[in-house]
Amino acid sequence: MTILRNFMRIANSFRPVQRIDNIFFLSWRTFSSHGTFDYDLAVIGGGSGGLACAKEAVNHGARVAVLDYVTPSPQGTKWGLGGTCVNVGCIPKKLMHQAALLGESIHEAISYGWEVPSPDAIKINWSALTEAVQNHIKSVNWVTRVDLRDKKIEYINGLGEFKDPHTLVATLKNGTKRELTARNIVIAVGGRPHYPDIPGALEYCISSDDIFSLGHPPGKTLVVGAGYIGLECAGFLNSLGFSATVLVRSVPLRGFDQQMALMVTNEMEERGVAFHHKCIPLSVEKLESGQLKARWQNTETGEQAEDVFDTVLMATGRYALTKALNLPAAGVTAVTGSGKIAAQTEQTDVAHVYAVGDVLEGRPELTPVAIHAGRLLARRLFADGLQHMDYENVATTVFTPLEYGCVGLSEEAALDRYGEESIEVYHAFYKPTEFFIPQRNIRNCYLKAVAERGGAQRVLGLHFVGPVAGEVIQGFAAAIKCGLTMEQLMNTVGIHPTVAEEFTRLNITKRSGKDPNPASCCS
Amino acid sequence: MSKAICKGLRSPIRSLINLRRAKTISTSLVHNETILVKNNEEFVNKVMNNDKPVIVNFHAEWCEPCKILTPKLKELIEPLDNLDLAIVDVEDNAELVHTFEVKAVPAVIAVKNGLIVDKFIGLVDADMITNLIDRMSGKKKPS
């Protein structure tokens, strides 16, 4: 049989199915009350968690449909299949962070002997950067779609909501609605950036949804918010040559170890990022020139200030997209005040409705967490799996210009849980070998291990500020999962010269009061 | 040559539509034009049912290597009148992508008399491309 005949068969079979579609759905709906569903699993949300769950489910023979839809941002930005991480999160963020680091490397190279003609003329071409980033994202969107098709997962590009506990309605872009029933439903809708309720926010400000595809260079930027999104954005914008100012409402990186957060922001300040602490935005207005005038207030002194910027980026938190789901129709009531879903084992208060990813209350909002939880859930549903997601000791990294990687408890959390007498904190400043020649700032290169004080001193948390922090911490996350103790850590021989080896060299405790600054290399 | 005869038999409106579709406007109707595949029917008519062998290039706008390979293929194939080039944009032709199991771009499939006779994935070097073209246009004996 020639390919032609095979192809003709596929091409012809494609059309008839569409015509019979309506009849199929009518008959399915009549049957569903008798317990026959269109799908074994319907996943609302085609992001990290949703897709991982769907793909794992088909591996175990389930019939799966994935609903994914991107409501345009206030500024009109949209994107394809893959969720936040792929389109407006981890991936473009890391690429822009890399672009920023490379820009710095060009200058450092000069001190290593590279002859760089006119270093002062080196500047970023914003549209070339965004084009390269968006091209990569599109390739990932495409591979994702091809993958779903190959795995025979039905992909519906529509906004899903509940009609009844087992029925979803997807509203497509052209307004048509499509109903489907499923035995199990997984809510993996994630979240979107929150905009403060101040004049000008929605009309003139952008968010992380827009920055990675911004059609013009951002220029002088005000970043409102000092969580990891705000700091990462301010960080790479500043390194790319766009002046950045950050408004901090309470503390930077709230929830993270505050000593390390201070190191991160100190480094950013030393690189030229301006911080306004204890400040909240009041208004943003557009000037005739097209620029934006932002007003803010210091909540401690009451003082108001303002300045003119080209771009104002709101990074004031994210909210879960549960409102649009019409959860009451499903009978799901386990929704917290913030809109997130409370589901300890990913199962809501309706037995066949589950949730994974950022939409979950009290869980780390990280892609690998969503993926892992989604997979384990699919195994429990379709493969008699018993394993539940372990949300403890999840490593993460903040990709600010000088990165911060950590796993386990912050010092504050450890003190809170165990008390000062039962905790030992080992710490040290260090000097990366590569920093000497270009005379890079080593003031904020610091790491610490928070451990139990007694016995072999089980490690409770590891914290590292420095280059390639993510790469450094990853291996240690596995060690902590194995119950790493300070004894084992100190008996591990380091790889030299690296920055990761500094963990094996830890020996000075905070309690001792000794100077944690390094004397010299190799001794 | 057969293509010129085919063109004469088609309605004038059809050839006008085809001319409009073709990105490269050729000076003579006998001269080769690149086939831009927009849907399955077009693929069946112009590639599978083509008397001449066709090199099918799966292309994506967001793919850097495609931006190098596709113009190169056009440059090499357009002057030939016994070999056609068809460009399939992977975003517009999901079924074709699925049928031919294209998992990465650029992908080049050589079709002769409705059969796949060769397949390349990725940006291959100039020698491999010219080799394929020579084999397909009958200059060399198939190896």
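Predicted model, so just to flag it, every value in this text is computed and none were measured.

### Description of the overall build of chain B
When helices and strands are counted, chain B shows six helices and five strands. Sequence-ordered secondary structure for chain B, helices as α and strands as β, is α-α-β-α-β-α-β-α-β-β-α. By residue count, 49% of the 143 residues in chain B fall in the buried class. Once local pairs closer than 6 in sequence are excluded, the contacts in chain B between residues at least 24 apart make up 66%. Accessible surface computed for chain B: about 7,400 Å², of which carbon and sulfur atoms make up 57%.

### Thoughts on the UniProt feature "domain: FAD/NAD(P)-binding" (unreviewed entry) in chain A
Per the UniProt record, the feature "domain: FAD/NAD(P)-binding" (unreviewed entry) sits at residues 39-374 of chain A. For residues 39-374 of chain A, the helix share is 32%, the strand share is 26%, and the end-to-end C-alpha distance is 17 Å.

### Overview of the environment of Lys93(A)
Residues and elements named next belong to chain A. Along the chain, Lys93 turns up in helix H4 (residues 90-111). Separated by 40 residues in the primary sequence, Lys93 and Val133 place their C-alpha atoms 9.4 Å from one another. Non-local contacts of Lys93, meaning those with residues more than four positions away in its chain, are made with Phe212, Glu232 and Phe399.

### Remarks on the environment of Ile91(A)
Residue and element names in this part refer to chain A. Of note, Ile91 is situated in helix H4. Note on Ile91: relative accessible area 29%, which makes it partly exposed. Spatially, the C-alpha atom of Ile91 lies 10.0 Å from that of Val140, the residues being 49 residues apart in sequence. Contacts of Ile91, omitting those with residues within four sequence positions, involve Cys85, Val86 and His136.

### Here we look at the nonpolar core
All names here are of chain A. Trp126, Ile211, Val246, Tyr404, Leu462, Phe464 and Phe503 are the most contacted members of the largest nonpolar core, which totals 69 residues. Ignoring sequence-local partners within four residues, the contact set of Tyr404 consists of Leu253, Phe256, Asp257, Met260, Val264, Thr396, Thr397, Val398, His463, Phe464, Val465 and Ala469. Counting residues in hydrophobic clusters, the runner-up holds 51 residues, among them Val43, Ile44, Leu51 and Ala54.

### Points about the side chain of Thr322(A)
For Thr322(A), the location among the structural elements is in the loop between strand S16 (318-320) and strand S17 (353-355). When neighbours within four sequence positions are excluded, Thr322(A) is seen to be in contact with Leu327(A), Val335(A), Gly339(A), Ile341(A) and Val359(A).

### A few points about the sheet that holds strand S14 (residues 304-309) of chain A
Residues and elements named next belong to chain A. What the three strands build is an open sheet, ordered S12-S13-S14; its pairing is antiparallel. For this open sheet the edge positions go to strand S12 (279-286) and S14, each flanked by a neighbour on one side alone. Here the average twist between neighbouring strands, direction ignored, is 25°. Where S12 and strand S13 (residues 292-298) come together, seven bridges link them in antiparallel fashion. When the bridges of S13 are listed, Pro281 appears paired with Trp296.

### So, the packing of aromatic side chains
Residues and elements named next belong to chain A. Following the criterion strictly, the structure yields 11 aromatic pairs over all chains and no others. Seen from their ring centres, Phe212 and Phe236 are 6.1 Å apart, and the 35° between their planes marks the pair as tilted. Here the residue Phe212 occupies a position in the loop between helix H7 (208-211) and strand S9 (221-224), and Phe236 occupies one in helix H8 (residues 228-240), the gap between them amounting to 24 residues. If you follow Arg440 out to its NZ or CZ, it ends over the ring of Phe435, 4.0 Å from the centre.

### A word on the sheet that holds strand S21 (residues 446-452) of chain A
Residue and element names in this part refer to chain A. Spatially, the five strands line up as an open sheet ordered S18-S19-S22-S21-S20, and their pairing is antiparallel. Both outer strands of the open sheet, strand S18 (396-398) and strand S20 (423-429), are each paired with one neighbouring strand and no more. Sheet twist, expressed as the average angle between the axes of neighbouring strands with direction ignored, equals 10°. Bridge count for strand S19 (residues 403-408) against strand S22 (residues 459-466) is six bridges, and the pairing is antiparallel. Each residue of the ladder has a partner; that of Gly408, found in S22, is Gly461.

### With respect to the environment of Cys233(A)
Examined against the element boundaries, Cys233(A) turns out to sit in helix H8. The spatial distance from the C-alpha of Cys233(A) to the C-alpha of Leu325(A) is 30 Å, given a sequence separation of 92 residues.

Calculation criteria
- Residues numbered from 1 in each chain as written.
- Chains lettered and ligands numbered in written order.
- Predicted model: local features only at pLDDT ≥ 70, side-chain atom pairs only at ≥ 80, totals over all residues.
- Heavy atoms only, no water.
- Helix = DSSP H or I, 4+ residues; strand = E, 2+ residues; numbered from the N terminus.
- Buried < 20%, exposed > 50% of the residue type's maximum accessible area, 1.4 Å probe, protein only.
- Contact = heavy atoms within 4.5 Å.
- Areas by Shrake-Rupley, 256 points an atom, 1.4 Å probe, with all protein chains shown as cover.
- UniProt positions renumbered as here; feature names shortened; annotations may be inferred.
- Core = buried A, V, L, I, M, F, W, Y, C linked by side-chain atoms within 4.5 Å.
- Pairing = 2+ DSSP bridges.
- Axes fitted to C-alpha atoms, helices over the stretch in contact; angles between N-to-C directions.
- Phe/Tyr/Trp six-rings, centres within 6.5 Å; stacked < 30°, edge-to-face > 60°.
- Lys NZ or Arg CZ within 6 Å of the ring centre and 35° of its normal.

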